[in-house]
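# Residue-level structure breakdown
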Amino acid sequence: MSNEVADVLIIGAGASGAAVAWSLAETKMRIVCLEQGGWMNPAAYPSTGRDWEARFWGDFSPSPNIRARPEDYPINDDNSPIKVVNFNGVGGGTVMYTAHFPRLHPSDFRVRTLDGVADDWPIDYATLEPFFDENDRITGVSGLAGDPAFPPRADPPMPPLPLGRSGTILGRAMNKLGWHWWPSDVAVATVEYEGRARCINLGHCTPGCAQGAKASTDITYWPLARRAGVELRTHCRVREITTNEHGMASGVVYYDVEGVERFQAAEVVVLACNGVGTPRLLLNSASGRFPNGLANSSGLVGRNLMFHPYAQVYGYVEEETDSNRAPPTCIWSKEFYETDPERGFVRGYAFQFGRGVGPVMEAVTSEAKGLLPWGAEHHAVFRRLNGHRLNVSAICEDLPEAHNRVTLDPELKDCHGIPAPRIDYTIGENTARMMEHGIARAKEVLDAAGARDICVNSPILYGGWHLLGTARMGTDPERSVVNEWGRSHDVRNLFIVDGSLFVTSGGVNPTSTIQALALYVADQMKRRLANLFD
Amino acid sequence: MSDANALTVRQREDLRALAATMIPASAEYGVPGADDPAIQAEILGCCGGREAPLVRTALDQLAALAGGSFASLDPVSREAVAMELRATGGAPAAALIRVVLQCYYRDERVVRSLGREPRPPFPQGHTLEPGDWSLLDAVRARAPSWRPSS
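Residues numbered from 1 in each chain as written. Chains lettered and ligands numbered in written order. Predicted model: local features only at pLDDT ≥ 70, side-chain atom pairs only at ≥ 80, totals over all residues.

### Brief notes about the overall build of chain B
- Of regular secondary structure, chain B possesses seven helices and zero strands.
- Starting at the N terminus and ending at the C terminus, chain B contains elements arranged as α-α-α-α-α-α-α.
- Relative to the 2.2 N^0.38 estimate, which gives 15 Å for 150 residues, the radius of gyration of chain B is 23 Å and therefore markedly larger than a compact globule would have.
- Its C-alpha atoms give chain B principal-axis dimensions of about 70 × 40 × 35 Å.
- Across the 150 residues that make up chain B, the buried fraction comes to 37%.
- Sequence separation of 24 or more characterises 69% of the internal contacts of chain B that already satisfy a separation of 6 or more. (Helix = DSSP H or I, 4+ residues; strand = E, 2+ residues; numbered from the N terminus. Rg over C-alpha atoms; globule rule 2.2 N^0.38 Å. Buried ≥ 20, exposed ≤ 12 C-beta atoms within 10 Å, placed from the backbone. Contact = placed C-beta atoms within 7 Å.)

The structure is reproduced here in structure tokens:
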């Protein structure tokens, strides 16, 4: 490991950091990535042990506050009805995601123009389309072309996941209602792909795929980037980004694996720390020249935090479902995605359908819902529930609201003494009406499927998977943090490539769009290398 | 101190009695109760570490509701006290109940009774039925529903 000046320093080795690293590697610049977590060992993922379900409440909890691995930092999300979910390690959130891989729609980039709320993005879907396609190829996405709810696009590299029992029951229900549905785009290998075996249906996909069929960037982009010469240093937690007398980023102060404070100089700094980690780092990089945080002359760093509030509804059918013996994702619906003002709200949501859960999760959640008696009746009731659940979740668009924000907690710190993020968030009125609509429609779907004992979780408490909007892109420095190709308005050698860039959230999982954006920013950087700081 | 020693003798007795109240043995389904020795050993193994504070608090709550030893109560009283803990015990009770359930529902005998193999998902995986893609025909026939951006 050398401490020479890096041409490009990337902070974060997750979805976007990996994509940027891979894309920039062809320039042969000296590229270093600092990641506060480590390499994951698939042999240690929960699905390799008998206690695989129970680890959801322990070391593989989606919440960093519960999980409390050494690589985690605490987050004060007491003032939010949705708790932040993240993961630190090589692969970042792609280690712990469910690999649902939709793209934002063309209309998602023109919310102000089309629906009179929020703002338009400074770029459009057409600009990102080649990068979506490239990311699908590198990641390995399975799906089915021809979805009438989405514009024509290149065929996904692999065929879709099988419908299974759950997808069949749900598809029939949707057909009965006359509503749109389609097999989901999923970042799971359904055939042999680029040296990865096809999915063998471990089912416990979200907390790490022991088989490597689920695409996480530690097995997709990073091997390619490292072979191309990118240096990835793990267990290196960045404390602050430093600047020089010219107001340019000069490097970062970080703690290495031994906890020793070090400085890495850099010509260009790229932030890829997600919609909570990125504003946290920028705010922690305040200085005399940047008293309100680095790159924050707009005052928008940390503001406009958007989750996707999930309205989850589930019920129980007579037939046996796939339960947790297959990837949780199967089909989606865009029936209520595009705006219809007659619904009483603008924008919309996607339905993400779930195949079912395993016995332990069924027991614990049914107990919490009061469905599971104690005593002699327990066994019969449990057997009516177990293996019969179907899930319908509305992924609701969140509008950007300035009071929803990430700041620095005045007291809470991580194990290196770095101030932790604090979340202040409320669900907006438009989204609340949307969630009610989604719950009602989801109940109709489950009724059409013949389900009973309907349960609702709204919002899903540990549903802050999607962290967006807190360093938005735009052409106006007073109303955005970075420009239309990801460069900070204030600091011309500072770039952001993660979900912080989002101007609006859309109503679908963001990873595909995050990575397309990262590839786009990297491409812009390569095109402008000769005058990158102009 | 081992995990098993994280609880006192009284707490372990109360835990076993509570588990039996929650999930009794069933000859009909051929399964042990949650007070089965092997399942109890699993539960005790989970009661240390990060779960310990909440579990101990819940068992103390149980004892307080029972006016002493929960395990010493008659069955009717046990059921009433158990229900009261369930209703009023908050986060500690929820944690204790979850530990009992997660250990019970990974016991080999219980898993087999559910028609499943008692093994981790990896490396064998499972088989997923292909399904019938002709179900999509009705959707394919629909007009495009996406909005252009301009």
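### Considering the interface of chain A and chain B
- Across the contact, 58 residues belong to chain A and 41 residues belong to chain B.
- Breaking the side of chain A that touches chain B down by element, the ones donating at least two residues are helix H5 (164-177), helix H8 (359-368) and helix H9 (378-385) of chain A.
- Per-element tally for the side of chain A that touches chain B: the top contributor is H5 of chain A, with seven residues.

### Regarding the sheet that holds strand S14 (residues 419-424) of chain A
Residues and elements named next belong to chain A.
- Overall, mixed pairing links the three strands, which are arranged S3-S14-S13 in an open sheet. In the strand order of this sheet, the two ends are held by strand S3 (76-79) and strand S13 (405-413), each with one partner. Ignoring which end each strand starts from, the neighbouring axes of this sheet average 40 degrees apart.
- Here S13 runs beside S14; their pairing, made up of five bridges, is antiparallel. Bridge pairing links Thr407 to Arg422 in S14.
- Against the sheet, helix H7 (residues 274-284) touches S13 and S14, its axis set at about 65 degrees to S13. (Pairing = 2+ DSSP bridges. Axes fitted to C-alpha atoms, helices over the stretch in contact; angles between N-to-C directions.)

### Some words on helix H4 (residues 125-139) of chain A
All names here are of chain A.
- Largest kink in H4: about 25 degrees, centred on Phe131.
- Looking at the buried residues of H4, the elements they touch are helix H1 (15-25), helix H6 (221-227) and helix H11 (511-527).
- Gly140, located one to two residues past H4, shows a positive phi value of around 90 degrees. (Bend = angle between axes of the 7 residues up to and from the residue.)

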